[in-house]
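Analysis of the macromolecular model
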Amino acid sequence: MPRHPHVSSTTETLSSRVFSELAAKAARLRREGRRLYDLSVGDTYREPLMAARAEAQTTAEHPHLHTYAPPRGVPELLDAVSERLSSLGGEVPPERIQIMSGATSGLSVVCETILDPGDEVLLPAPFWPLIRGIIASRGATAVQIPFYDRLERIDVREVLEAAITERTVALYVNTPHNPTGRVLSPAVVDAMVEVARAHDLWLITDEAYQDLCFAERPRPIWARPEVQDRVIACHTLSKSYGLAGARVGYTHGPEAVMKAIRGVQTFSTYCAPKPMQLGAARALKEGDAWVEQARSAYAEAGRLAAEALGIDAPQGGTFLFFDATPYLRDGEDDAMGLLDRCLDRGVLLTPGVSCGVDYARWVRLCFTSVPRPELEAALEALGPVLS
Ligand SMILES: Cc1ncc(COP(=O)(O)O)c(C=O)c1O
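The shown structure was predicted, so the numbers you read here are calculated from the model rather than taken from an experiment.

Take the sheet that holds strand β11 (residues 350-351) next. Spatially, β9-β12-β11 is the arrangement adopted by the 3 strands of the open sheet, whose pairing is antiparallel. Both edges of this open sheet fall to β9 (319-323) and β11, since each of them pairs with a single strand only. By the bridge criterion, 5 bridges tie β9 to strand β12 (residues 362-366) in an arrangement that is antiparallel. Counted as the bridge partner of Phe-319 is Cys-366 from β12. Contacting β9 and β12, helix α10 (residues 288-309) runs over the sheet at an angle of about 10 degrees to β9.

So this is what it looks like as structure tokens:
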């Protein structure tokens, strides 16, 4: 049956109108010359390590710089990733690593590889907004489980098991976490791992913020011996190294699934951008001091923002997530009116509902997207609205 001019029914469920309306208003205010602080998108004001930048990669140094890269990834980067994983506590040979166009693409390729339409994925909420769409675009269902904001009050194993059905095939875990800034404790991870093993689930770990733990970094989940047969880990250079526009990340997992993932990745983007893979290799090899400076500047920014909001400082990542109920006006049952008032004060924030259906009264704030003086100005501008 012809479909034109409609799109597939799966695609129709993907886009979120709530944020588009705020973004459109922000664009209009900018056109009118208004000063805006964008604390909605998870990016950084810091320029990356010089050696990792696009302009540092030259054809003179790398002949055929603009040809296709091997689909698996350039050897320099595969070696650098393998070394990096070893320094984080796990031995992963280059053969089990696939370079991806960032974690978004890595997670999409993983979902495409292990999910069938109709499958269910346990999605502890709140969550990074894109993951729901990534799962849905495979025709699978993201089963949202209120989780990160109430870890002290729940029995982790019980809430996860209550959501399992015969269609459940995977559990997604993200720590340090977008949007709450929490780092999961070893006890919580133990419970998640037990559930995955007891119910024979794939464990998809999202390592986007692996280098942004503000206190001690716990052992990565993917390095635990008991999950070696089921963990697929997706990493990225976007957050750790300020290379979000470079679109470089890496994924690893058990050998057989990596073979399948490699096949799907080839059909998807074929290869990540070669010049930026070479830049990423330099970042991994030479970027420790850069990451250390970023981590301490972000931790400080997170503390400052949390203090202004009257909430606990983040344990990692680049976001704060808060219940905005005290700031809503009579008759308001979600945060949209409040976000509009924030925008009128020049600050763009993200509606909590993008991070899960249970979070319509919550708001997400990124504390790393603007330099410190601008963050201070934005927090001051928010003062009258959030009091
Ligand atoms: C938890 C999480 N996973 C994955 C990503 C995607 O990262 P990338 O830029 O590598 O696609 C993000 C980006 O914000 C994120 O917050």
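The next point concerns the packing of α10 against helix α12 (residues 372-382). Taken N-terminus to C-terminus, the directions of α10 and α12 make an angle of 10 degrees; their axes are 10 Å apart at the nearest point. Between α10 and α12, the interaxial angle falls into the category roughly parallel. On the side of α10, the interface is formed by Ala-301, Leu-304, Ala-305 and Ala-308, while α12 contributes Arg-372, Leu-375 and Leu-379. Of the residues contributing to the contact of α10 with α12, the split by class is 6 nonpolar, no polar and 1 charged.

Next up on the list: the domain arrangement of the protein chain. Splitting the protein chain by domain gives domain 1 (9-47 + 289-382) and domain 2 (64-286). Computed over C-alpha atoms only, the centres of domain 1 and domain 2 are separated by 24 Å. Looking at the side of domain 1 that touches domain 2, the elements that each hand over two or more residues are α10 and β9. Top contributing element to the side of domain 1 that touches domain 2 by residue count: α10, with 7 residues. Its residues assigned to classes, the side of domain 1 that touches domain 2 shows 13 nonpolar, 12 polar and 6 charged.

Near the ligand you find 13 residues, and of these Gly-102, Ala-103, Thr-104, Thr-236 and Ser-238 are the closest. With 3 residues, the single largest contributor to the shell around the ligand is helix α4 (residues 102-114). In the shell around the ligand, the residues fall into 4 nonpolar, 8 polar and 1 charged.

Moving on, we get to helix α11 (residues 336-344). Buried within α11 we find Leu-338, Leu-339, Cys-342 and Leu-343. All buried residues of α11 lie within an arc of 145 degrees about the axis, which places them on one face of the element. Trailing α11 by a residue or two, Gly-346 shows a phi angle of about 95 degrees, which is positive.

Bringing the nonpolar core into the picture now. In this structure, Leu-171, Met-192 and Ala-280 are the most contacted members of the largest nonpolar core, which totals 112 residues. Both domain 1 (9-47 + 289-382) and domain 2 (64-286) contribute no fewer than three residues apiece to this core. Each residue touching Ala-280, except ones within four places of it in the same chain, is listed here: Ala-52, Leu-77, Leu-237, Leu-243, Ala-246 and Val-248.

The rules behind these values
Residues numbered from 1 in each chain as written. Predicted model: local features only at pLDDT ≥ 70, side-chain atom pairs only at ≥ 80, totals over all residues. Pairing = 2+ DSSP bridges. Helix = DSSP H or I, 4+ residues; strand = E, 2+ residues; numbered from the N terminus. Contact = placed C-beta atoms within 7 Å. Axes fitted to C-alpha atoms, helices over the stretch in contact; angles between N-to-C directions. Parallel < 35°, antiparallel > 145°, perpendicular 65-115°, else oblique. Nonpolar A, V, L, I, M, F, W, Y, C, P; charged D, E, K, R; others polar. Domains from an automatic or database assignment. Near = placed C-beta within 6 Å. Buried ≥ 20, exposed ≤ 12 C-beta atoms within 10 Å, placed from the backbone. Arc of directions from axis to C-beta. Core = buried A, V, L, I, M, F, W, Y, C linked by C-beta atoms within 7 Å.

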